[in-house]
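Residue strings, one per chain:
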Amino acid sequence: MMTSKIEDPPVAVIQPTETADTNLIYNVLVLTGGVGVRDFSLTLLDSNNHCSIKTMVNKPLFGGFSKEISVKITGMKELGDIVLVKLEQDDCQWFCMQIKVKTPFGKCFVFPCYRWIDKNEVMIRVGSARLPQDDNEFLKRQRQQELESRKEIFRWIKKRPGFPQSIDAEQKLPLDVQFDEEKQSDFSRNFGEVFVKLDLGRYKDSFQSWKDFADFEKIFTNYETKNTLLENVIQDWNTDYMFGYQFLNGCDPVMIRKCMKLPDKFPVTHEMVKGSLQRGLTLEEEIKKGNVYIVDYEILAGLPANKYKNTQYFLTAPICLLYNNRLNQIVPIAIQLSQTPGEKSPIFLPTDNEYDWMLAKMWVNSSDFNVHQLVTHLLKTHLISEVFEVAMYRQLSTAHPVYKLLIPHVRFTMAINAEARTRIISDRGIFSKISNISGNGIDQLMERVMKTLTLKSLCFPETIKARGMEKAPKYYYRDDGMMIWEVINCFVADVVEIYYDSNEKVQKDAEIQEFVKDVSLFGIQDSKGDRFPQFLNTRAELTEYLTAVIFNASAQHAAVNFGQFDWFGWIPNSPSTMRKPPPQQKGKADLKYIMDSLPDLDSSSGVMGTAWALTRFQKNERYLGMYPDMLFTEQAVKEAIKKFCKKLDKVTDSIKRRNEELTLEYCYLSPNKIPNSVAV
């Protein structure tokens, strides 16, 4: 809520409540959001709990709409360094940006706030960040009182089986985590505009099949696709190259891994695929050379399929083998549409008839759509970010440097997740009609994934290495992600080193230890701490932990969110639902069977509308490294932020130069297109 400076802020009427020594005057400037401010009192406190007189600030003179309020406080006696400002008021709500205090002796103190004042009494701490062990007893008590109050507001709750815990405040979120007016307006407008831009209302409650692939183009009558990535998808979606490319640089670039050995459940032979191999090697030799990749949707096996109204959907768990050809293109060479080989689960090949191979690829992409939406996107960015956010509010004082570091990267996350629970994954949400997986199946899927979710799996370099993808060609998601991880990691390390001069400082930081413990024990519900640590021993561990939090909230979310309309907007490319069962033998598929398998008109419009609305940037988006609500006041941190931004600019330039040489640009991880937080 940055505001323009008012040249001559009105001076408030002061009503001292005690006899004051008028020789000592403390000048205070209160910067507000401008609306809703009423009468309040203001008291200054030093680190020894000595305080100024309680000074009343009356509304009439400044009318309640001034964004800067100037207050003169006369002190009874000289105070030490001012460390707290106490605001007391009646029942009203107003936004405090920061408070500046100038003492009679020329010292200046800044109190960043950027919070809603909605309580009768609020303590605002001076801007310099402090670890809890570095505070005196008075300030330690004040921190403890702050956290005890927050724990009453930010309570854990398990809303659905299998899901991580979240905030227990769905009906009315705390003001500080709600959308502001601008964001709420943008969000609501996006969901409204899409039905106008794409004229999707005409397909509502129409459960008919599309006639043919050209029929899908009618959706874009009022939408310009020329010179967009979507245009390329519409043209080339059925090519094997475009199919394989998406596993590297599409919406879900985290499923593909190097095939080290063919699993027994996927009995592909050299004879089956020799026509696709281009180096004169056997399949086994190609695997040893590192030219074969695999995508396995075993996580979906056995989950109950969804049914929407009178339409039964179907779900399977396919396996796809891919090959790096001599053009360094990753292309599919074999697909099995179940986890169980046999006569009723044939292995489909590029040499099969056109519709058999097309349908097999559609089934893979349909499975990928559902895993992407629920696991890659919802769980591993949205819900995990909320876990970190709730724990942060519960365990880290506003004076803690890690609180100040993380707060821009959790902005609006609880609010967007509350919207998602209502609009998308509720019993009546959009996912109930556009997903192959039933509500109970979603719960089971989350439970399966949560058992394997670890902090290491949120660390980008570790995930690339674990999947053996270090040398995969044209893997721009990896290339750009590694650059951004490194830049964020260096920035976090710089900040950590400013406040922690030893590993012992980390170990003795009670707040940071309670933070990671809260995440593990309650948010993730990892009772033994096997998957998420419950204690950090070193600065390096703290740095990696915080890098993972920031990276997944910013870069990872951008990578898996903002391409949804590009890749899912053309329904045949990534069908959200399949209305016919997977084929159990070859030679049975034709165009009509495929059209009757693909999402109907109503579901198609739901997918497109949601994908479009969720890939819009906010008008005044805060991209990675943009911190207009500056909570740090120390020059060392400000310098670290400047260095961070310069490095991000270099990454942006590097990606731009690379993209100029590509037919298909990869822009999702360009820092100038990565919002700070999960906010859409």
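Higher on the page you've got the structure.
Report on the accompanying structure. (Residues numbered from 1 in each chain as written. Predicted model: local features only at pLDDT ≥ 70, side-chain atom pairs only at ≥ 80, totals over all residues. Heavy atoms only, no water.)

Some points on the overall build of the protein
- Scanning the protein from N- to C-terminus turns up 20 helices and 18 strands.
- For 680 residues, the compact-globule estimate of 2.2 N^0.38 gives 26 Å, and the protein sits close to it at 28 Å.
- With the C-alpha coordinates of the protein rotated into their principal frame, the extents come out at 95 × 55 × 45 Å.
- A separation of at least 24 residues holds for 75% of the contacts in the protein among residues at least 6 apart in sequence.
- Within the structure as shown, the protein displays about 28000 Å² of accessible surface, and the carbon and sulfur contribution to it stands at 49%.
- Once the 86 positive and 87 negative side-chain charges of the protein are each reduced to a mean point, those two points are 1 Å apart. (Helix = DSSP H or I, 4+ residues; strand = E, 2+ residues; numbered from the N terminus. Rg over C-alpha atoms; globule rule 2.2 N^0.38 Å. Contact = heavy atoms within 4.5 Å. Areas by Shrake-Rupley, 256 points an atom, 1.4 Å probe, with all protein chains shown as cover. Lys, Arg positive; Asp, Glu negative; His and termini not counted. Charge placed at Lys NZ, Arg CZ, Asp CG, Glu CD.)

Notes on the nonpolar core
- Residues I256, F515 and Y545 are the most contacted members of the largest nonpolar core, which totals 172 residues.
- For this core, the element with the highest residue contribution is helix α7 (residues 354–395), accounting for 21 residues.
- Among the nonpolar cores identified, the runner-up in size contains 33 residues, and L42, I73, V85 and V122 belong to it. (Core = buried A, V, L, I, M, F, W, Y, C linked by side-chain atoms within 4.5 Å. Buried < 20%, exposed > 50% of the residue type's maximum accessible area, 1.4 Å probe, protein only.)

A look at the packing of aromatic side chains
- Scanning the entire structure with this criterion turns up 25 aromatic pairs.
- Members of the aromatic cluster, connected to one another through ring pairs, are F460, Y475, Y477, W485 and F551.
- Over the face of the ring belonging to F179 we find K183, whose NZ or CZ atom lies 5.7 Å from the ring centre.
- The ring of W612 carries the charged tip of R616 above its face, separated from the ring centre by 4.3 Å. (Phe/Tyr/Trp six-rings, centres within 6.5 Å; stacked < 30°, edge-to-face > 60°. Lys NZ or Arg CZ within 6 Å of the ring centre and 35° of its normal.)

Brief notes about the sheet that holds strand β12 (residues 257–258)
- Spatially, 5 strands are ordered β12-β13-β16-β17-β18 in an open sheet, and the strand pairing comes out antiparallel. What marks the edges here is a single partner per strand, and that holds for β12 and β18 (347–348).
- Sheet strands in contact with helix α4 (residues 240–249) are β13 (292–296), β16 (319–324) and β17 (330–336), and its direction is about 95° off that of β17.
- The strands that α7 touches are β16, β17 and β18; relative to β17, the one it contacts most, it runs at about 95°. (Pairing = 2+ DSSP bridges. Axes fitted to C-alpha atoms, helices over the stretch in contact; angles between N-to-C directions.)

Things to note about the pattern of salt bridges
- All told, the structure shown has 34 salt bridges when counted by the stated rule.
- Between D518 and R394 there is a salt bridge, with the nearest N and O atoms lying 2.7 Å from each other. In this pair, D518 sits in helix α15 (residues 510–523) while R394 sits in helix α7, placing the two residues 124 residues apart along the sequence. R394 matches D518 in its accessibility class, with the two residues each being buried.
- Here the salt bridges do not stand alone but share partners, grouping R125, R130, D135, R143 and E511 into one network. (Salt bridge = Lys/Arg side-chain N within 4 Å of Asp/Glu carboxyl O.)

With respect to helix α20 (residues 635–659)
- An ideal rise of 1.5 Å per residue puts 36 Å on 25 residues; α20 measures up with 36 Å between its terminal C-alpha atoms.
- Within the span of α20, buried status applies to V637, A640, I641, F644, L648, V651, T652, I655, R658 and N659. (Expected span 1.5 Å × (residues − 1).)

Focus on a negative patch on the surface
- Residues D39, D90, D91, D118 and D176 make up a contiguous surface patch of negative charge.
- Here D176 lies in the loop between β11 (166–167) and α2 (181–197).
- Given the relative accessible area of 35%, D176 is considered partly exposed. (Patch = residues over 30% accessible without salt bridge, like charges linked within 9 Å, V, L, I, M, F, W, Y side chains within 5 Å.)

Side note on the state of the cysteines
- One pass over the structure, following the stated rule, counts 0 disulfides.
- Unpaired in terms of disulfides, C108 finds its nearest cysteine sulfur in C96, a separation of 17 Å.
- On the basis of relative accessible area, C108 is assigned to the exposed category, the value being 55%.
- Counting only cysteine sulfurs, C645 is the nearest neighbor of C490, a cysteine outside any disulfide, at a range of 14 Å. (Disulfide = S-S within 2.5 Å.)

Concerning the pairing of strand β3 (residues 40–46)
- For β3, the tally of buried residues reaches 7 of 7 residues, placing the bulk of the element in the interior.
- Judged from the 3 bridges that link them, β3 and strand β4 (residues 55–57) form a sheet pairing that is antiparallel. Note that in β4 the partner of S41 across the bridge is M56.
- Where β3 and strand β6 (residues 82–89) come together, 7 bridges link them in antiparallel fashion. Residue pairing in the sheet places S41 in a bridge with E88 of β6.

Quick word on the environment of F535
- Residue position: F535 is located in the loop between α15 and α16 (539–561).
- Along the backbone, F535 and F95 are 440 residues apart, and their C-alpha atoms lie at a distance of 36 Å.
- Residue contacts for F535: discarding those within four places in its chain leaves Q507, Q513, V516 and E541.

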